[in-house]
Amino acid sequence: MRDTERFFCADAARDRGDSMTGTAPYGRVWVLIEYRGGWPVNGFDGLDLPPAVKALLFASARAVRARVLLIRRHGRRRREGPKCWAVLRHEGSGAHRQQWGTWSRDEDLADVARALGTPEGLGAPGETGLPPVVLVCTHGQHDTCCAVRGRPVGRALSERWPDLVWECTHVGGDRFAANVVVAPDGVYYGGLDAGSSVEVVGEHLAGRIHAEYLRGYTDLPPHQQAAVAALLGRFGPAGRHDYTVAGTSRVGAHWLIRVIGHRPGPTAYDVEVRTHRTPPHQLTCHGPATSSAAVHEATSIRIV
């Protein structure tokens, strides 16, 4: 690349063939706050809110390791009336809860802290059985590629599922833009464009997760994400909880992961995953000049 060319981290990642497998950051709880104005570079952190309100929400989110995201409908459509907020929880084994509310004044955001509950995570019960929320990172202030690649995906998905889809602030992995997170399912997809995103989300909503664009499941550590992705790649798409990690051991840079598949009947697999680091590269549009990334590669699958 010539020095005079503008650098786009997602283009560079594709040129290098960067692996997305095992790159979903941990998360079981998401806080979504609708914000119709311009998003600060650091998202919710940068909002001009009363210090006491912000501190209360931060403390409540930190206690349950919740990720706080600003959201908006595609195209910054201006709507009248109160804005919405949500607390989404992934409780494992297919159990999900969602609690929604509205806010007009900054002080109303204290309701989000109450919904998150005590430091032990005992919040309001919320609702089960609701459809998941589809989040598309379009946070251009944070990274150019998130806007350039995310907005066409946000438009395409919003046209197909207008009630489920929100644009959101930074979700991590800028070089894998366009990034889509399905919450509270806790599934990250990357490398999407308008066409592939509609196909991927449609399959997800039908209970079929494919390996091709999968970054990982947010309730699993990276090596376990890689093991499940390897099984999806070998045996085809499956539901979110059709594979369960039953055990993990490690020898040096190699992991041996026992996974139980539940369809059509229980089957145990031993998946070996090797972890190594890449040579240093610039991994974001505006980040450090060079950084190294971890790669998690499944090297064998054995039915036991």
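Above this text is the structure in question.
Only a predicted model underlies this, so the values are computations on that prediction, with no experimental measurement involved. (Residues numbered from 1 in each chain as written. Predicted model: local features only at pLDDT ≥ 70, side-chain atom pairs only at ≥ 80, totals over all residues. Heavy atoms only, no water.)

Looking at helix H5 (residues 194-205)
Our working rule: Secondary structure is summarised from DSSP: a helix means a run of H or I of at least four residues, a strand means a run of E of at least two, and numbering begins at the N terminus for each. One fewer than the residue count of a helix, multiplied by 1.5 Å, yields its expected span. Residue exposure (1.4 Å probe, protein chains only): buried if accessible area is under 20% of the type maximum, exposed if over 50%, otherwise partly exposed. In this context, the arc is that of the directions from the helix axis out to the C-beta atoms. Whether two residues are in contact is decided by their heavy atoms: any pair within 4.5 Å suffices. Nitrogen and oxygen atoms within 3.5 Å of one another constitute a polar contact, given that in protein one can donate a hydrogen and the other can accept it, and given that sequence-neighbouring residues count only through two side-chain atoms.
Over its 12 residues, H5 runs 17 Å from end to end, which matches the ideal 16 Å to within 8%, given 1.5 Å per residue. Within H5 the residues assigned to the buried category are Ser-196, Ser-197, Val-200, Val-201, Glu-203 and His-204. Seen end-on, H5 carries its buried residues on one side only, within an arc spanning 160 degrees. Looking at H5, the residues exposed on the side facing more than 90 degrees away from the buried face are Gly-195 and Glu-199. Buried-residue contacts for H5 involve strand S5 (133-137), helix H4 (144-160), strand S7 (180-183) and strand S8 (187-189). Two to three positions downstream of the cap, the backbone nitrogen of Gly-195 sits 3.3 Å from a side-chain oxygen, assigning the N-cap of H5 to Asp-193. After H5 finishes, the residue Gly-207 shows a positive phi value of roughly 85 degrees.

Let's talk about the pattern of salt bridges
The condition that has to hold: One speaks of a salt bridge when a side-chain nitrogen belonging to Lys or Arg is within 4 Å of a carboxyl oxygen belonging to Asp or Glu.
By the definition in use, this model includes 13 salt bridges. For the salt bridge of Arg-208 with Glu-203, the shortest nitrogen-to-oxygen distance reads 2.8 Å. Since its relative accessible area comes to 37%, Arg-208 is described here as partly exposed. One salt bridge in this structure joins Asp-270 and Arg-302, with 3.1 Å as the shortest N-O distance. Placement of Asp-270 in strand S12 (residues 267-277) and of Arg-302 in strand S13 (residues 294-303) is noted, with a sequence separation of 32 residues between them. In this structure Arg-302 comes out as exposed when scored by relative accessible area, which is 51%. The structure contains a network of salt bridges with shared partners spanning Arg-16, Asp-18 and Arg-175.

A short note on the sheet that holds strand S1 (residues 29-34)
Note the threshold: Two strands are said to pair when DSSP picks up at least two bridges between them. The axes used here are C-alpha line fits, helices contributing only the stretch in contact, and every angle between their N-to-C directions lies in the interval 0 to 180 degrees.
Spatial ordering of the open sheet is given by S4-S3-S1-S2-S6-S5-S7-S8-S9, a layout of nine strands whose pairing is mixed. Taken across any chain shown, the strands that pair with only one partner, and hence form the sheet edges, are strand S4 (96-103) and strand S9 (214-217). Strand after strand, the sheet turns through a mean of 25 degrees between neighbouring axes, direction not considered. Of the strand pairs in this sheet, S7 and S8 are connected by three bridges, and their pairing is antiparallel. In the strand pairing of S8, Val-180 is matched with Tyr-189. On the sheet, H4 packs against strand S2 (67-72), S5, strand S6 (165-168) and S7 and is oriented at approximately 150 degrees with respect to S5. Each of S5, S7 and S8 touches H5; the most contacted strand, S8, lies at about 160 degrees to it.

Here we look at the nonpolar core
Cut-off, in case you're wondering: For our purposes a nonpolar core is just a set of buried Ala, Val, Leu, Ile, Met, Phe, Trp, Tyr and Cys residues, chained together by side-chain atoms within 4.5 Å.
Among the nonpolar cores identified, the biggest contains 35 residues, and Leu-157, Val-180, Tyr-189 and Val-271 are the most heavily contacted of them. Among the elements that line this core, the one with the most residues is helix H6 (residues 222-235), at seven residues. Core analysis: the second largest hydrophobic core is formed by 21 residues, Leu-49, Val-64, Ala-66 and Leu-70 among them.

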